[in-house]
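Understanding the architecture of this molecule
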Protein chains: 2
Amino acid sequence: MKKTIKKLCILLTLFTASSVLSANEKVYKLSMATTWGETASPLIDTAKSMAKLAEEMSDGRLIIRVDSANKHKAPLGVFDMVKGGQYDIAHTASYYWKGKDINTLPFTSMPFGLTSPEQYAWFYYGGGMELMKKVYDKHGVLSFPGGSTGVQMGGWFKKEIKTLDDLKGLKMRIPGFAGEIMAKLGVQVTNVPAGELFTSLETNNLDALEWVGPSMDISMGFHKIAPYYYTGWHEPASEMQYIINTKKFEKLPADLQQILVVAMRVSAYDMYIHNYDMNANAWQEMKSEYPNIQVKTFAKDIMDAMKKANQELRTEMSAENPLLKEILDSQDAYMKKVREWTKMSDYLYLKDNL
Amino acid sequence: MKKTIKKLCILLTLFTASSVLSANEKVYKLSMATTWGETASPLIDTAKSMAKLAEEMSDGRLIIRVDSANKHKAPLGVFDMVKGGQYDIAHTASYYWKGKDINTLPFTSMPFGLTSPEQYAWFYYGGGMELMKKVYDKHGVLSFPGGSTGVQMGGWFKKEIKTLDDLKGLKMRIPGFAGEIMAKLGVQVTNVPAGELFTSLETNNLDALEWVGPSMDISMGFHKIAPYYYTGWHEPASEMQYIINTKKFEKLPADLQQILVVAMRVSAYDMYIHNYDMNANAWQEMKSEYPNIQVKTFAKDIMDAMKKANQELRTEMSAENPLLKEILDSQDAYMKKVREWTKMSDYLYLKDNL
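Here the structure is a predicted model, which is why all the values come from computation and not from measurement. (Residues numbered from 1 in each chain as written. Chains lettered and ligands numbered in written order. Predicted model: local features only at pLDDT ≥ 70, side-chain atom pairs only at ≥ 80, totals over all residues. Heavy atoms only, no water.)

**Digging into the nonpolar core**
L62(A), I64(A), L260(A), L62(B), I64(B) and L260(B) are the most contacted members of the largest nonpolar core, which totals 162 residues. Ignoring any residue separated from it by four or fewer positions in sequence, one finds I64(A) in contact with L30(A), M32(A), M50(A), A51(A), A54(A), I89(A) and L260(A). (Core = buried A, V, L, I, M, F, W, Y, C linked by side-chain atoms within 4.5 Å. Buried < 20%, exposed > 50% of the residue type's maximum accessible area, 1.4 Å probe, protein only. Contact = heavy atoms within 4.5 Å.)

**Re the packing of helix α5 (residues 116–125) of chain A against helix α11 (residues 254–289) of chain B**
The relative placement of two packed helices is expressed as an angle between their axes plus a distance between the axes. Orientation of α5(A) relative to α11(B), taken along the N-to-C sense of each, is 85 degrees, at an axis distance of 9 Å. Judged by the inter-axis angle, α5(A) sits roughly perpendicular to α11(B). Of α11(B), the residues touching α5(A) (which contributes P117(A), E118(A), Y120(A), A121(A) and Y125(A)) are D270(B), Y272(B), I273(B), H274(B), Y276(B) and D277(B). (Axes fitted to C-alpha atoms, helices over the stretch in contact; angles between N-to-C directions. Helix = DSSP H or I, 4+ residues; strand = E, 2+ residues; numbered from the N terminus. Parallel < 35°, antiparallel > 145°, perpendicular 65-115°, else oblique.)

**Concerning the domain arrangement of chain A**
All names here are of chain A. According to the domain assignment, chain A consists of domain 1 (27–147 + 238–289 + 322–354) and domain 2 (155–234 + 291–320). Inter-centroid distance (C-alpha atoms) of domain 1 to domain 2 is 24 Å. Contact with domain 1, which involves 25 residues of that partner, is made by 26 residues of domain 2. Buried surface at the junction of domain 1 and domain 2, summed over both partners, amounts to about 2200 Å²; 68% is from carbon and sulfur atoms. Its largest share of buried area at the contact with domain 2, domain 1 owes to P111, F112 and M286, together 34% of the area lost on that side. Ionic pairing is found between E180 and K98, a salt bridge with its closest N-O pair at 3.0 Å. On inspection of domain 1 and its partner domain 2, the count reaches 7 residue pairs in polar contact (both at pLDDT 80 or more). Residue assignment for the side of domain 1 that touches domain 2 shows that the elements contributing at least two residues are α11 (254–289) and α13 (322–351). Of all the elements, α11 adds the most residues to the side of domain 1 that touches domain 2, at 10 residues. (Domains from an automatic or database assignment. Buried area = accessible area lost by both parts, 1.4 Å probe. Salt bridge = Lys/Arg side-chain N within 4 Å of Asp/Glu carboxyl O. Polar contact = N/O pair within 3.5 Å; in protein donor to acceptor, adjacent residues only side chain to side chain.)

**With respect to the relation of the copies chain A and chain B**
The pair of chain copies shares a relation made of a rotation about an axis and a shift along it. Under the fitted operation, chain A is carried onto chain B by 0.0 Å of movement along the axis and a turn of 180 degrees, and the coordinates agree to an RMSD of 0.0 Å. The two molecules are tied by a two-fold rotation axis, judged by turn and shift. Scanning chain A for the C-alpha nearest the rotation axis identifies V266(A), at a separation of 2.6 Å. Both copies share a contact surface, since 100% of the interface residues of chain A are interface residues in chain B too. (Least-squares fit on C-alpha atoms with pLDDT ≥ 70 in both.)

**Here we look at the pattern of salt bridges**
The full count for this structure, using the stated rule, is 38 salt bridges over all chains. With a closest N to O distance of 2.7 Å, D329(A) and K325(A) form a salt bridge. In this pair, D329(A) and K325(A) both sit in helix α13, 4 residues apart, roughly one turn of the helix. D329(A) gets classed as partly exposed once you look at its relative accessible area, which sits at 37%. With a closest N to O distance of 3.1 Å, E326(B) and K134(B) form a salt bridge. With E326(B) in helix α13 (residues 322–351) and K134(B) in helix α6 (residues 128–137), this pair connects stretches of sequence that are 192 residues apart.

Following this line, the structure appears as structure tokens:
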């Protein structure tokens, strides 16, 4: 009898301990697929540092496994994989899904649109998050800002572009919405896989190409063979994106939900700042090794033609999609207001301190 | 005997449960003093939202009580209170401590210095955090960025400033290091308590004053009586500061330390973005109610004289303080590199899109 009571006693003790443990220490394991390969800094670092922060803040209760595109082999399949539940989270960019849902386009960056601080202000204080939720709720996923590249450069050109005529027939790699604008200006927009870009440019199968900015362009080597580096117009604030399967998110306890949301938010801001630093370093290195690189801005008539083409395309798309119109109108109204402040603060300060 | 075993058994069960609880659910209560009053948005909101995030992410295990200056009555006493252990944390600004330790000066913002994204890049990727630690370790406190106001405006002037002569004898409220620069240009730098500023300006006991920017200036009403709003030069990136008593921080378990660090970091970035939005709104409101407000920049010879005075003061201070020189040299070297990128990205983009 004594032995039985003792055994019961031990069992009860173990049971009590484990039930307390299970309430507070249950480990939640999530999987994340990135659109980026294993070496794509600073994009992949952002996803990994987010996962690390979540694990540390949760004392190991929230573990996120990060699979790069090298692993899952479907860089542009991550939206469907999160929607379908094969992965819980993705780190990617919203505008990749414009073929599936045109309303996803404006959450990355729009030509001649908001800068990074302006766009973060629009997301968090100007109604952007609510509009993004409206778009993504339909797909059963949640979407959050995932890190800004800052202003993307206009691309590398082998010859200087002086007039609109210089663009006619120019063979250029520039994908997405910006490519549609360039096509309207007579550019022969060409799709070339990343691994063949350098050779295509070297052998004049391409006359120009757009990639990202110094931090990600430097390892591609374009600056060694195309000396004209045009300033940005088409993606002034490219924001990456986290998407999460809504049902999976809702299964997390409230504290882990908040840990995840905060880890994503801080990693996004950090990427903006990290890439700012990487761009400064990469540009210094490029410029010192290849002092003949020239930074150019497109002439006013070229810029005006781009702006006109941009407006025409936006008007066409909006006519068929009331929600897209609502989002673009919201960004336009916000920009009208916030750009006045940007002008009198950052712009006029920089003008006297270059 | 059976009863004794039963009692022991119950005790053991309770003990096991409570020891598991204490490891995972011990509540840590910290106190935070802010330099700001109860209504000083967005500064006080930043401190409060940080505390809220920490509580939510820790599931109530980390509770931070926020006392505004209305409560503790010592806005500029918070550094000593954290150092002495009366409070655990403060939300304040580093340059307030330049009288105690001159090396604390450069961590807020320096005249003609780094912009907000540039300065965050310097803090987190350019060696700034390490230098700040070097300065604050001596005082037994840890220091972290606590939110940027962005570019602060140069102030409200009743008359337009056209020449250097217009500054001679001008009665202006402009505190701190910027005031020392203005004094070198012949400005009669005057200290007036915040509550008397409007009346002093109205009755011409002040000809001009510097406050913050539209978001915080609007409720002061200066725009109703001083129509010239000069653009910023003296605080292009004013960064607030969290300070924490090092011993108190070290007593927290590792997960709560990380929760606290991340909550501070995200709240700092958020303040930058929140204030960006608030400035845009406040400026729109001011400008529509008082359309005669004119935004002005100081003429080149005035700006050059300010830059010269700034350099002279920096050289004097640095000669006596090798660590200050090390910090200023680090910022200068970083700015030389990063401003090249700012110019070709944000500046040239904005130039064509104002």
